[in-house]
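Per-entry structural report
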Amino acid sequence: LQFPNRVGLAAGLDKAGTAVHAFGEIGFGHVEIGTVTPRPQPGNDKPRLFRLKEHQAIINRMGFNNPGIEGLLDNLARSRKDFRGILGINIGKNAATPNEEAIRDYLLGLEGVYGAADYVTANLSSPNTKGLRDLQNAATCRELILRLQEKREEVKGDHGGKQVPLVIKIAPDLSDESIADLAKVFSETRIDGVITTNTTISREAVSGHRLASEAGGLSGAPLTTRSTAVLARLRGELDKNIPIIGSGGVMCAADARAKFDAGADLVQVYTGLIYRGPRLVREIAALAK
């Protein structure tokens, strides 16, 4: 894929796909929407989103609230026609699907979004769906990647031979040993890319804040250092030809530069856009030229 620039948006939206054109206008070279599940689901109970302004952070426990694959495709049909960037679609399992059947949901997700996506990300790292992160063990991850690759071979003939890259998104809370094990799996299976990282369950950086005890994933400035460290660790273990998208705590151009220096090929923002607005995109795009 040829990205217009090196900065993208990871967007989790209630009405996934409705704002693709608007985000493209801001200046993102790619937009990744989701997480979408095979069936619609309302997500976790509200309140489920909290701003920790003193820390430039957010805690969320959205729980993959989304309209399902059919709803996503309907939204995209209305909004993507004027978007000129790369569109990634992030897929996951429904909360009601037990882990032993999770791969089925990812296969349904890949097949369902294949024609609309420029790349597909399998989200194994959200802390807001019970048991999801357990899928990050090396054996399960290997099976999932191989099954997704098989499914891609099955369906691409229905889409003119289109080869959609497959990407895996991992957590920032993995041990060095787990990162090394996953890097071996990613290298051996020739995955097309890895995103580091999702939100963290750690509260060390916001200890003492009145909202620190809220369940969910913490994003924003408190995630910057850990996310970049995971990126650097993975880059050192991973086949050098497999690209990494650096995500997590990109709050300014210097944070993006640190991701690039650690080995990222692209960066994504999410919480940074909330606190900095569109100027953050321009700063990073200028830095990455």
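1. Quick notes on the nonpolar core
In this structure, F28, I89, Y106, I170, F186 and L234 are the most contacted members of the largest nonpolar core, which totals 66 residues. Not counting the four nearest positions on each side in its chain, F28 is found in contact with N5, V7, G8, L9, F23, V269, L273 and V281. Among the nonpolar cores identified, the runner-up in size contains 8 residues, and I59, V206, A212 and L218 belong to it.

2. A look at the layout of surface pockets
Size it by volume and the second largest pocket reaches roughly 210 Å³. Together, L1, F3, Y119, P165, V167, D192, G193, P243, I245, D265 and L266 line the second largest pocket. Along the lines of polarity and charge, the residues of the lining of the second largest pocket split into 8 nonpolar, 1 polar and 2 charged.

3. Some remarks on the sheet that holds strand β3 (residues 49-52)
One open sheet accounts for 3 strands, arranged β3-β4-β9; its pairing is antiparallel. The open sheet has two free edges, formed respectively by β3 and β9 (217-220), since each of these has just one partner strand. Neighbouring strand axes in the sheet, compared pairwise and without regard to direction, differ in orientation by 20° on average. Direction of pairing for strand β4 (residues 57-60) relative to β9: antiparallel, over a ladder of 4 bridges. Within the sheet, the bridge partner assigned to A57 lies in β9 and is G220.

Criteria and thresholds
- Residues numbered from 1 in each chain as written.
- Predicted model: local features only at pLDDT ≥ 70, side-chain atom pairs only at ≥ 80, totals over all residues.
- Heavy atoms only, no water.
- Core = buried A, V, L, I, M, F, W, Y, C linked by side-chain atoms within 4.5 Å.
- Buried < 20%, exposed > 50% of the residue type's maximum accessible area, 1.4 Å probe, protein only.
- Contact = heavy atoms within 4.5 Å.
- 1 Å grid on protein atoms, 1.4 Å probe; cavity = no way out; pocket = protein on both sides within 12 Å on 5 of 7 lines; lining within 4 Å.
- Points joined across faces, edges and corners; volume = space filled by probe spheres on them.
- Nonpolar A, V, L, I, M, F, W, Y, C, P; charged D, E, K, R; others polar.
- Pairing = 2+ DSSP bridges.
- Helix = DSSP H or I, 4+ residues; strand = E, 2+ residues; numbered from the N terminus.
- Axes fitted to C-alpha atoms, helices over the stretch in contact; angles between N-to-C directions.

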